[in-house]
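Observations on the model geometry
Each chain, letter by letter, is given below.
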Amino acid sequence: MIIKMRFISAFAFLLALAGYGILLDKHLVDSLNLRRPVNEFEESCALLFFGLPKHFKDISLPSIRKYILNVNPGCDVFAHTYDIKTTTNARNGEDTSPVYPEDVFLLTA
């Protein structure tokens, strides 16, 4: 699941979607505000987060807010995760550990 929070480079976003074979229709493009012109002299940055949010709210998010989001308030935020409820990984000793994909929306709260 790719979650669009804010972004400046519409072209880069379209390339990412094309890489996943996702077709865009006019209504989706309009809802994402992809037609907004970008000033070529405007500085921009993007913060990209990916993975399974298992202990995101209580462990990862406070540190991300303090050391990344708060010191980069003008950056666009992207997140990629999967819409699953549990994961099992013998190497980590996880047996149906809960996953909370909706917690990534806290990056913009």
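Residues numbered from 1 in each chain as written. Predicted model: local features only at pLDDT ≥ 70, side-chain atom pairs only at ≥ 80, totals over all residues. Heavy atoms only, no water.

1. Quick notes on the overall build of the protein
Looking only at helices and strands, the protein has three helices and five strands in total. Going from the N terminus to the C terminus, the protein shows its helices and strands as β-α-α-β-α-β-β-β. In the protein, buried positions account for 29% of the 109 residues. For the protein, restricting intrachain contacts to residue pairs at least 6 apart in sequence, the fraction spanning at least 24 positions comes to 67%. (Helix = DSSP H or I, 4+ residues; strand = E, 2+ residues; numbered from the N terminus. Buried < 20%, exposed > 50% of the residue type's maximum accessible area, 1.4 Å probe, protein only. Contact = heavy atoms within 4.5 Å.)

2. Focus: the pairing of strand β5 (residues 94–98)
In this sheet, β5 lies alongside strand β4 (residues 86–89) in antiparallel orientation, the contact comprising three bridges. Within β5, the residue paired with Thr-86 across the bridge is Pro-98. Count of turn residues in the β4/β5 antiparallel hairpin: four residues, of which Gly-93 carries a positive phi of about 75°. (Pairing = 2+ DSSP bridges.)

3. Focus: the pattern of salt bridges
A pair can form between side chains of opposite charge whenever their charged atoms are brought close. Summed over all chains, the structure comprises two salt bridges. Here Lys-54 ties to Glu-94 by a salt bridge, and the two come within 2.7 Å at their closest N and O atoms. Of this pair, Lys-54 sits in the loop between β2 (46–50) and α3 (56–69) while Glu-94 sits in strand β5; the two residues are 40 residues apart in sequence, bridging distant segments of the chain. Relative accessible area serves as the criterion here: at 23%, Lys-54 is assigned to the partly exposed category. Judged by relative accessible area, Glu-94 falls into the buried class, the value being 16%. Between Lys-85 and Glu-102 there is a salt bridge; the shortest N-O distance is 3.9 Å. Taken together, the residues Lys-85 in the loop between β3 (76–80) and β4 and Glu-102 in the segment after β5 connect sequence positions 17 residues apart. (Salt bridge = Lys/Arg side-chain N within 4 Å of Asp/Glu carboxyl O.)

4. Quick look at the nonpolar core
Leu-47, Phe-49, Phe-56, Leu-61, Ile-64, Leu-69, Cys-75, Val-77, Ala-79, Val-104 and Leu-107 form the largest nonpolar core, which has 11 residues in total. Going through the elements one at a time, β2, α3 and β3 are the ones with two or more residues in this core. Take this core: its biggest share by element is four residues, from α3. (Core = buried A, V, L, I, M, F, W, Y, C linked by side-chain atoms within 4.5 Å.)

5. Side note on the confidence of the model for the protein
Chain-level pLDDT for the protein is 75 on average; 61% of the residues reach the 70-or-more range. For the stretch residues 1–12, pLDDT sits under 50, and the model shows 41 contacts to residues farther than four places along the chain or on other chains. The low-confidence segment residues 17–25, where pLDDT is below 50, has eight contacts with residues more than four positions distant or belonging to other chains. (pLDDT = per-residue confidence, 0-100.)

6. Structural notes on the layout of surface pockets
Counted as a void, the second largest pocket has a volume near 170 Å³. Along its surface, the second largest pocket is lined by 14 residues, and Phe-49, Phe-50, Gly-51, Phe-56 and Ile-64 are the ones closest to its centre. Of all the secondary structure elements, the ones that give two or more residues to the lining of the second largest pocket are β2, α3 and β3. Across the lining of the second largest pocket, the residue classes break down as 10 nonpolar, four polar and no charged. (1 Å grid on protein atoms, 1.4 Å probe; cavity = no way out; pocket = protein on both sides within 12 Å on 5 of 7 lines; lining within 4 Å. Points joined across faces, edges and corners; volume = space filled by probe spheres on them. Nonpolar A, V, L, I, M, F, W, Y, C, P; charged D, E, K, R; others polar.)

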